[in-house]
Amino acid sequence: MSSSLLWAVDVYGKVYSLSTTRGRWERDEDTLLELKRVTAGQRCSWGIGCDHHVYLNIDPGEVPIRYREETYENQRWNPVDGFTDVLLPTDRWAWSDLTGVTAKPLHSFLLPSNSWEWEGDWYVDQVCAGGDPIETGGWEYAVDFPANFSREKKWNSCVCRRRWIRDRIYKARGSWTKIPLDHPKQPPLPLSDVSCGGWEMSDQPGRYHFLWGVSQQGQVWFRSGILPQVPEGQCWEQVEAPREVAQISAGPGDLLWAVLWDGQLLVRTGICLDSPTGSSWVVVDSPPVKEGGTIHVAVGVSVVWAVTKDYKVWFRRGVNSHNPCGSGWISIGGEMMMVDVGLNDQVWGVGEDRGLYFRKGVTPSEPSGRGWIPVSAQWGHSKEMVQPRSVVYGVHRECSLSSVFSVWVRKGSMRWWRDWKPYRWVDVGVALEQSTNVNGKRDAIFFIYFTQYDEKKYLHVFISDVTVLVPVLKENSHHAFAVYTSDSTKQRWPLILAAQTEKDMADWLSLLAGCCCEARGIRGTPSRQALWSVTSKGDVMVHEPSPCLEAPAHTLPCDMMFWLQVPGHLRCVESNSLGVVWGIGYDGTAWVYSVLGYYCAFPVFVGDRRVLHTQTDERTVYIYENQRWNPMTGYTDKLLPTDRFPWSDDNGFTECTKSTTHPPSPQWSWVTEWAVDLAFSGGTDREGWQYAADFPVTFHGNKSLKDFVRRRRWVRKCKITLTAPWQEVPPIPLSDITVLPCLAQSSMEQVSVWGLSDKGDVLCRLGVTPQNPAGSSWLHVGTDQPFKSISIGGGHQVWAIARDRAVFYRGSVSARNPAGECWYHIPSPPKQSLRQLSVGRTSVYAVDENSNLWYRQGLTPSYPQGSAWELLSNNVTKVSVGPLDQVWVIADWVPGCPSELSVPGAVCHRLGVGPMQPKGQSWDYGIGVSHYQLGVDFDVCSKDIGRFPNGTVFPK
């Protein structure tokens, strides 16, 4: 185990060290040494003496530090003397460097300081540049300077050279020595502070340090030329600063912070190996204190600590080489005069009592630690434990305990879908930083770090701004998810990231969802007033509404609603404010939510039994085989350039072959092979083909002389199995479900639940209560024809649409007569066919096949069928009406959004709905979906002051 030292200087300038291997304080052997400041790096330490000189201490090591001096002896041939050092005026120096520009005679080489000594005398290098030994006394020959030299002497060799070398060795390791003064330029004396860093910027062996200093006049200086073979460096260079600097701190990487005399902070940007002094300064506000500013700052690899004039300790959030300025200050418990960050970002501090303290619990995942503990160790050979009064700049130790205030970080690597041209996946680093403030409230920031054109950049998302986290299917990535915020919703550009594995994606989604819940105070199970929804790919989402969600004066915008994923997979979901939640899978299976279930980030246990069930669902995937008739070959897959693909989706725009078509997500698996669908609507021939005159004219099952194109549909089923808080309600497969909306304070013995079987039969569920949401049995309600859509509203109003698109109203439905008595036919809008409807308290809305939204006029208690249909809006896919007649819809596109950004499936809320304005005034647009959306389902749920949508669609 390698040893590391903690250096300390007491108020008298005496230097002490605490070793991790010896475990006791030891005073430096040089009793006359007095330092004012000390800074520790990797294998070396620097200090400022009371004599204003800069001192260096290099750790003892097994490998000595050697530096080889070299010079070249140059000669030219003349007919009289042969090769001689009498050169032409235009030639190089007789003794020079390799280029010949600088004169370097043997007597000009001096030891840079007393810390060096010569290791032998000058000698000739007997090995040429190619590595071969030279048998001619080390001479190399050439036609002229600076031609290529070789060891062979030729008839035209007019010049020669040989290299002289001499080694010097550093002898002062393990002791403090003065670094030499700059000649002829004087150093920036006196210095008031020094800090070394930068050794982690290079991954090459033999890393070197950057040394920064601050003079008493407030100037910033940089020590250049520090190399493994030249540990003392060469000279000081001034770095211009906008104002006078009081203190400076450099991290092991490319972070450099400075404190100004007025308490403000400076950050140096652009530091790299090619530009170690950086490019510019950025002013950063000091922590928010009533009086004064910052008096001390300490920098680590990716952390920044500060101490203000009231001795409060602060931690800087979001600091990274991509974001050296960070994003905000967090107050940390304890009062210190100064702090310092050592190796591995471990933190040490000097308290007001001038005692030495260590920050416990500092880890890569919790860089702020969890509390301060005093540092006590043996004094020399004494067994007494002491704590020196000291000033500290130190190295590393590790500890893991607990505290109240902390910053927690989770880092990883992902790919990010760059949302500007050219669109492509970019490798990025991600970090989730969660902090706890003085009041115990937690918040978090999600960072994305990337490099563009060799420039380090970053993006950040405040977790409190996140509105939804949802998996997506993206090109060349099966483990992608989208992060929506209110701003990205308005711009229709979510943040899309892809993890390396499905487990990594699930871990990050769970972690981010947990932070979102903590930021909003969401804990435990979904409330009875929660809004439920399903995505186009079957994910179940929940929104916890605020009390004023539908209050006219405090309407929550749609783009600010936070949706959280709940385990499960459904095609549609329906709920009310008594906690009754029903859903239907893609295979028609009915499911009821186990009220004591859990959010994805918060498992809930009931005794020793977890309220979970095995949920399965099946989906059918379709692709189409397309052909065109050719007079020579008959029907063939050789289509016209303007035709659709030979294998495509329904509309023909996307190519879909058997080999390239996959299940909706990696959680799904195929359960059947591809087969021709002979039950295709419209009829088929014996081989499954449908015929038409051209694409995309209506297809039919019988071929005629005018049919020049044909298609057939191939079908394959896939299945998903997961563990979720959903209980199966056998045995009848359903196609639609509706739950009686009611207010949270309502009291009723049974909750009316109506449904449609997959064959179109109308069913009424009996025995449904908040305690038994699954109910007991189904009651068949007679009809003359199969139905496809049904909805129950306030006052037990039941409306339905038959498969022939006729509209019906069920009369005499009540709590005592849950099935009602008879159906009343309602005329459809002129020349329109309705496909879905929703019933509120005193209103009925419907959507037709052309995506028009219709409002039913004239509904009264004495005439609940209404009088006529009125066109309200277009561009609507689904509609949902609450018990207070609030209207929510899914829109195909958002007006005013550019075509390249417009996406289908946006959630919209009707504003201005009231007794005097039953149809409302305008739309509030919310979260939309990606361009890969397949379909929507939009149902309803209610709250104590209204009824809300629960079929929000997100990207697939």
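Predicted, not measured: the structure shown is a model, and the values here were computed from it.

Undergrad: Could you clarify how one ought to interpret the overall build of the chain in this entry?
TA: On a plain count of helices and strands, the chain comes out with two helices and 73 strands. Burial status across the chain gives 55% buried among its 956 residues. When contacts within the chain are restricted to residue pairs at least 6 apart in sequence, those whose partners lie at least 24 apart make up 55%. With an accessible surface of roughly 43,000 Å², the chain has 51% of that area assigned to carbon and sulfur atoms.

Undergrad: I'm lost on the packing of aromatic side chains in this one. Help?
TA: Each aromatic ring pair is characterised by the separation of its centres together with the angle its planes make. The tally for this structure, following the rule as stated, stands at 35 aromatic pairs. Look at Phe109 and Trp122: their rings are 5.0 Å apart centre to centre, the planes differ by 65°, and that puts the pair in the edge-to-face class. Here the residue Phe109 occupies a position in the loop between strand 9 (95-96) and strand 10 (116-118), and Trp122 occupies one in the loop between strand 10 and strand 11 (123-124), the gap between them amounting to 13 residues. Judged on exposure class, the residue Phe109 and its partner Trp122 are both buried. Taken together, the ring pairs connect Phe109, Trp118 and Trp122 into an aromatic cluster. The side chain of Arg168 reaches across the aromatic face of Trp116, ending 4.4 Å from its centre.

Undergrad: Explanation requested: the UniProt feature "domain: Peroxin/Ferlin" (unreviewed entry) in the chain in the structure shown.
TA: According to UniProt, the "domain: Peroxin/Ferlin" (unreviewed entry) feature falls on residues 64-125, 138-171, 616-677 and 688-721. With 0% helix and 44% strand, residues 138-171 has its two end C-alpha atoms placed 30 Å apart. Between the first and last C-alpha atoms of residues 688-721 the distance is 31 Å; the span itself is 0% helix and 50% strand.

Undergrad: Mind showing me how you'd approach the pattern of salt bridges here?
TA: Two side chains of opposite charge can pair, provided their charged atoms sit close to one another. In the structure shown here, the tally under the stated rule is 26 salt bridges. Residue Arg163 pairs with Asp125 through a salt bridge whose shortest N-O separation is 2.4 Å. In this pair, Arg163 sits in strand 13 (residues 159-170) while Asp125 sits in the loop between strand 11 and strand 12 (140-142), placing the two residues 38 residues apart along the sequence. Among the residues examined, Asp125 registers a relative accessible area of 12% and is labelled buried. Taking the shortest distance from any N to any O, the salt bridge between Lys456 and Asp254 comes out at 3.2 Å. In this pair, Lys456 is assigned in strand 36 (residues 455-462) and Asp254 in the loop between strand 19 (245-250) and strand 20 (256-260), connecting sequence segments 202 residues apart. Judged by relative accessible area, which is 42%, Lys456 ranks as partly exposed. By sharing partners, the salt bridges in this structure join Glu70, Asp125 and Arg163 into a single network.

Undergrad: What's the story with the pairing of strand 42 (residues 564-569) in this structure? I'm lost.
TA: Two faces make up the sheet, and in a regular strand the side chains alternate between them. The element strand 42 is extensively covered by neighbouring structure, given that six of its six residues are classed as buried. Both faces of strand 42 are covered, namely the face carrying Leu564, Val566 and Gly568 and the face carrying Gln565, Pro567 and His569. Across four bridges, the pairing between strand 41 (residues 539-543) and strand 42 is antiparallel. Each bridged residue has a counterpart across the sheet, and for Asp539 the counterpart in strand 42 is His569.

Undergrad: Any chance you could explain the nonpolar core here in plain terms?
TA: What tends to happen in soluble globular proteins is that the nonpolar side chains get buried as a cluster. Ranked by internal contacts, the top residues of the largest apolar core, which has 35 residues, are Trp582, Ile737, Trp754, Val762, Phe787 and Trp823. Of all the elements in the fold, those that place two or more residues in this core are strand 44 (581-584), strand 45 (590-593), strand 56 (734-739), strand 57 (753-757), strand 58 (762-766), strand 59 (777-781), strand 60 (787-793) and strand 61 (797-802). Membership of the second largest hydrophobic core comes to 31 residues, among which are Ala499, Trp508, Leu511 and Cys516.

Undergrad: Looking at this structure, I do not really get the sheet that holds strand 67 (residues 868-873). What am I missing?
TA: As a general point, the strands of a sheet are linked pairwise by backbone hydrogen bonds and lie either parallel or antiparallel. Taken in spatial order, the four strands line up as 64-65-66-67 in an open sheet, and their pairing is antiparallel. Edge positions in the sheet fall to strand 64 (834-839) and strand 67, since each of these pairs with one other strand and no more. Looking at each pair of strands side by side, their axes are set apart by 30° on average, direction ignored. Of the strand pairs in this sheet, strand 65 (residues 844-848) and strand 66 (residues 853-857) are connected by three bridges, and their pairing is antiparallel.

Undergrad: What exactly am I supposed to notice about the sheet that holds strand 63 (residues 822-826) here?
TA: Read across the open sheet, the four strands follow the order 60-61-62-63; overall the sheet is antiparallel. The strands lining the two open edges of the sheet, one partner per strand, are strand 60 and strand 63. Along the sheet, successive strands turn relative to each other by an average axial angle of 25°, direction set aside. In this structure, strand 61 lies alongside strand 62 (residues 807-811), joined through four bridges in antiparallel fashion. Counted as the bridge partner of Ile801 is Val807 from strand 62.

Undergrad: Would you mind showing me how to read the environment of Gly300 here?
TA: Relative to the helices and strands, Gly300 resides in the loop between strand 23 (294-299) and strand 24 (304-308). Expressed as a C-alpha distance, the spacing of Gly300 and Val341, which sit 41 residues apart in the sequence, is 5.5 Å. In contact with Gly300, other than residues within four places in its own chain, are Gly251, Pro252, Leu255, Val341 and Asp345.

Undergrad: Is there a simple way to explain helix 2 (residues 502-520) in this structure?
TA: Side chains that are three or four residues apart share a direction in an α-helix, a result of its 3.6 residues per turn. Between its first and last C-alpha atoms helix 2 spans 27 Å; for 19 residues at 1.5 Å apiece the expected length is 27 Å, and the two agree. If you check which residues of helix 2 are buried, you get Met505, Trp508, Leu509, Leu511, Leu512, Ala513, Gly514, Cys515, Cys516 and Cys517. Gly521 sits one or two residues past helix 2 and shows a positive phi near 70°.

Undergrad: So what exactly am I meant to see when it comes to the pairing of strand 48 (residues 613-630) here?
TA: The sheet contact formed by strand 48 and strand 54 (residues 709-724) spans 16 bridges and is antiparallel. Bridge pairing links Val621 to Arg716 in strand 54. Pairing geometry for strand 48 and strand 50 (residues 647-648), over two bridges, is antiparallel. What sits directly across from Glu625, in strand 50, is Trp647. Alignment of strand 48 against strand 49 (residues 634-636), held across three bridges, turns out to be antiparallel. What sits directly across from Arg628, in strand 49, is Thr636. Joining the antiparallel neighbours strand 48 and strand 49 is a turn of three residues.

Undergrad: Even after reading the chapter, I still don't get the confidence of the model for the chain, so can you show me in this structure?
TA: Reading fine detail from the predicted coordinates is not recommended where pLDDT is low. Confidence in the prediction for the chain averages 82 pLDDT; 85% of positions are at 70 or higher. Here residues 600-610 scores under 50 on pLDDT; set against residues more than four positions off or in separate chains, the count is 24 contacts. Across residues 898-902, where pLDDT falls below 50, the model places eight contacts with residues more than four positions away in sequence or in other chains.

Undergrad: Would you mind going over unusual backbone geometry with me for this structure?
TA: In this model, Phe145 is joined to Pro146 through a cis peptide bond whose omega is -5°. Along the chain, Pro146 turns up in the loop between strand 12 and strand 13. Across the junction of Pro730 and Pro731, the peptide omega takes the value 0°, indicating a cis bond. Turning to its location among the elements, Pro731 is positioned in the loop between strand 55 (726-729) and strand 56.

Undergrad: Explanation requested: the side chain of Ser96 in the structure shown.
TA: Among the secondary structure elements, Ser96 is positioned in strand 9. Here Ser96 falls in the buried class, since its relative accessible area comes to 0%. Setting aside its immediate chain neighbours within four residues, Ser96 contacts Thr71, Tyr72, Asn74, Thr102, Ala103 and Lys104.

Undergrad: Where do I start with the environment of Asp262 in this structure?
TA: Summarising the element assignment, Asp262 is placed in the loop between strand 20 and strand 21 (265-269). The class of Asp262 is partly exposed, set by a relative accessible area of 41%. In this structure the C-alpha to C-alpha distance between Asp262 and Val245, which are 17 residues apart in sequence, comes to 8.9 Å.

Scoring rules and cut-offs
- Residues numbered from 1 in each chain as written.
- Predicted model: local features only at pLDDT ≥ 70, side-chain atom pairs only at ≥ 80, totals over all residues.
- Heavy atoms only, no water.
- Helix = DSSP H or I, 4+ residues; strand = E, 2+ residues; numbered from the N terminus.
- Buried < 20%, exposed > 50% of the residue type's maximum accessible area, 1.4 Å probe, protein only.
- Contact = heavy atoms within 4.5 Å.
- Areas by Shrake-Rupley, 256 points an atom, 1.4 Å probe, with all protein chains shown as cover.
- Phe/Tyr/Trp six-rings, centres within 6.5 Å; stacked < 30°, edge-to-face > 60°.
- Lys NZ or Arg CZ within 6 Å of the ring centre and 35° of its normal.
- UniProt positions renumbered as here; feature names shortened; annotations may be inferred.
- Salt bridge = Lys/Arg side-chain N within 4 Å of Asp/Glu carboxyl O.
- Pairing = 2+ DSSP bridges.
- Core = buried A, V, L, I, M, F, W, Y, C linked by side-chain atoms within 4.5 Å.
- Axes fitted to C-alpha atoms, helices over the stretch in contact; angles between N-to-C directions.
- Expected span 1.5 Å × (residues − 1).
- pLDDT = per-residue confidence, 0-100.

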